[in-house]
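Listed below, chain by chain, are the residues.
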Amino acid sequence: MTEIYLDETKLDFTDEDKNATIYDLIKDLEKELHKAKQLVTSIEIDGNKVPDWHSKEVGGSLLSEKKVIKIFTSAMNEFFLSSTEHAKGYMNVIKTNIENIVKLLRSGNEEHAHIMLAKTLDDLRQWIKTIDAVKRGAASGGIILFKQDPAKYYSLLLKNMEEIKKAQDNQDMVLLGDLLEYEIMPLLEDIGKEMFTESS
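Keep in mind that this is a model prediction, so the values were computed, not measured. (Residues numbered from 1 in each chain as written. Predicted model: local features only at pLDDT ≥ 70, side-chain atom pairs only at ≥ 80, totals over all residues. Heavy atoms only, no water.)

The next subject is the overall build of the protein chain. Of the regular secondary structure elements, the protein chain holds six helices and five strands. Going residue by residue from the N terminus, the α and β elements of the protein chain occur as β-β-α-β-β-α-β-α-α-α-α. In summary, the protein chain has a C-alpha radius of gyration of 22 Å against a globular reference of 16 Å for 200 residues, an excess of more than 25%. Once the C-alpha set of the protein chain is aligned to its principal axes, its extents read approximately 70 × 35 × 20 Å. Per-residue burial over the protein chain gives 42% buried out of 200 residues. Sequence separation of 24 or more characterises 75% of the internal contacts of the protein chain that already satisfy a separation of 6 or more. A total accessible area of about 11900 Å² is found for the protein chain, and carbon and sulfur atoms account for 50% of it. Side chains of the protein chain carry 26 positive and 36 negative charges; the gap between the two charge centres is 2 Å. (Helix = DSSP H or I, 4+ residues; strand = E, 2+ residues; numbered from the N terminus. Rg over C-alpha atoms; globule rule 2.2 N^0.38 Å. Buried < 20%, exposed > 50% of the residue type's maximum accessible area, 1.4 Å probe, protein only. Contact = heavy atoms within 4.5 Å. Areas by Shrake-Rupley, 256 points an atom, 1.4 Å probe, with all protein chains shown as cover. Lys, Arg positive; Asp, Glu negative; His and termini not counted. Charge placed at Lys NZ, Arg CZ, Asp CG, Glu CD.)

What follows is about the packing of aromatic side chains. The full count for this structure, using the stated rule, is one aromatic pair. Where Phe79 meets Phe80, the ring centres are 5.3 Å apart and the plane angle is 75°; that geometry is what we call edge-to-face. Given the relative accessible area of 6%, Phe80 is considered buried. The cationic tip of Lys70 hangs over the ring face of Tyr5; the distance from NZ or CZ to the ring centre is 5.9 Å. (Phe/Tyr/Trp six-rings, centres within 6.5 Å; stacked < 30°, edge-to-face > 60°. Lys NZ or Arg CZ within 6 Å of the ring centre and 35° of its normal.)

Judged by nonpolar contacts, the single largest core of 41 residues is most densely connected at Trp127, Leu157, Leu180, Leu188 and Ile191. Every element with two or more residues in this core is listed here: helix H3 (76-106), helix H4 (110-140), helix H5 (151-169) and helix H6 (173-194). In this structure, Trp127 is in contact with Ala87, Tyr90, Met91, Ile94, Leu157, Ile191, Met195 and Phe196, ignoring residues within four places of it in sequence. Judged by nonpolar contacts, the second largest core, of 17 residues, contains Ile22, Trp53, Val58 and Ile71. (Core = buried A, V, L, I, M, F, W, Y, C linked by side-chain atoms within 4.5 Å.)

Each strand in a sheet pairs with another by means of backbone hydrogen bonds, the pair being arranged parallel or else antiparallel. Across the sheet, five strands lie side by side as S2-S1-S5-S3-S4; this open sheet has mixed pairing. Edge positions in the sheet fall to strand S2 (9-10) and strand S4 (48-50), since each has one partner strand and no second. With seven bridges connecting them, strand S3 (residues 38-45) and strand S5 (residues 68-75) associate as antiparallel partners. For Glu44, the partnering residue across the bridge sits in S5 and is Lys70. Together, strand S1 (3-6), S3 and S5 form the strand contacts of helix H1 (residues 22-35), whose direction differs from that of S3 by roughly 150°. Strand contacts of H3: S3 and S5, with the helix running at about 80° to S5, the strand carrying the most contacts. (Pairing = 2+ DSSP bridges. Axes fitted to C-alpha atoms, helices over the stretch in contact; angles between N-to-C directions.)

Turning our attention to the side chain of Ser61. Mapped onto the elements, Ser61 comes out in the loop between helix H2 (56-59) and S5. Excluding anything up to four places from it in sequence, Ser61 contacts Ala20, Thr21, Ile22, Lys56 and Lys66.

The terminal C-alpha atoms of H5 lie 28 Å apart, and with 19 residues this matches the ideal 27 Å at 1.5 Å per residue to within 8%. Within H5 the residues assigned to the buried category are Tyr153, Tyr154, Leu157, Asn160, Met161, Ile164 and Ala167. Buried positions in H5, seen along its axis, are confined to an arc of 150° and lie on one side of it. In H5, the exposed residues that point more than 90 degrees away from the buried face are Lys159, Glu162 and Asp169. Lining the buried residues of H5 we find H4 and H6. Two residues or fewer after H5 comes Gln171, characterised by a positive phi angle close to 55°. (Expected span 1.5 Å × (residues − 1). Arc of directions from axis to C-beta.)

Here the focus is the environment of Phe13. Residue position: Phe13 is located in the loop between S2 and H1. On the basis of relative accessibility, which here comes to 21%, the residue Phe13 falls in the partly exposed class. Separated by 111 residues in the primary sequence, Phe13 and Leu124 have C-alpha atoms spaced 42 Å apart. Discounting residues that sit within four places of it in the chain, Phe13 has contacts with Ile4, Ala20, Leu25, Asp28 and Leu63.

All quantities given are derived from atomic positions and should not be read as evidence of function.
Dropping the structure here:
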């Protein structure tokens, strides 16, 4: 019989047909956790931490195949504030990278600049996805994290990224540097000032 713990408290979870999955367990727990403004943050199966417990491989596995499952939770507000703090920090990394790319472009080191730019644009896209996921998750628990809705900045960032792509295609290094320095950087500065609250 599988032993199931929620934050070190043993649960009485019945799986009579032996066909319940980890996903079924989490789904049932989240209904009650949501009311308490808690959410699942990590899972340990048979003594091993599972980093990707949302995956089909893990979530779809049968509870009856496991000996011990430990589920750890966190208060929603603490989790989302922490996520937002990480997002703020990563935005500063992106800004630093953009500054370095501009310096490379202005000094004629275009090849290195393009390599850095490709990764930085990917990072910026991922940053947008992360902020959107955090916003939606927090909103589901009635938590407001941002002074301004992040969605208003997505289109501006994506529009400028399209212009950057055009400048790259046209090999216009002057325009590329200008877009990064005078469009993207000020926009990121505005996001830092206008979107994030002091607590986030």
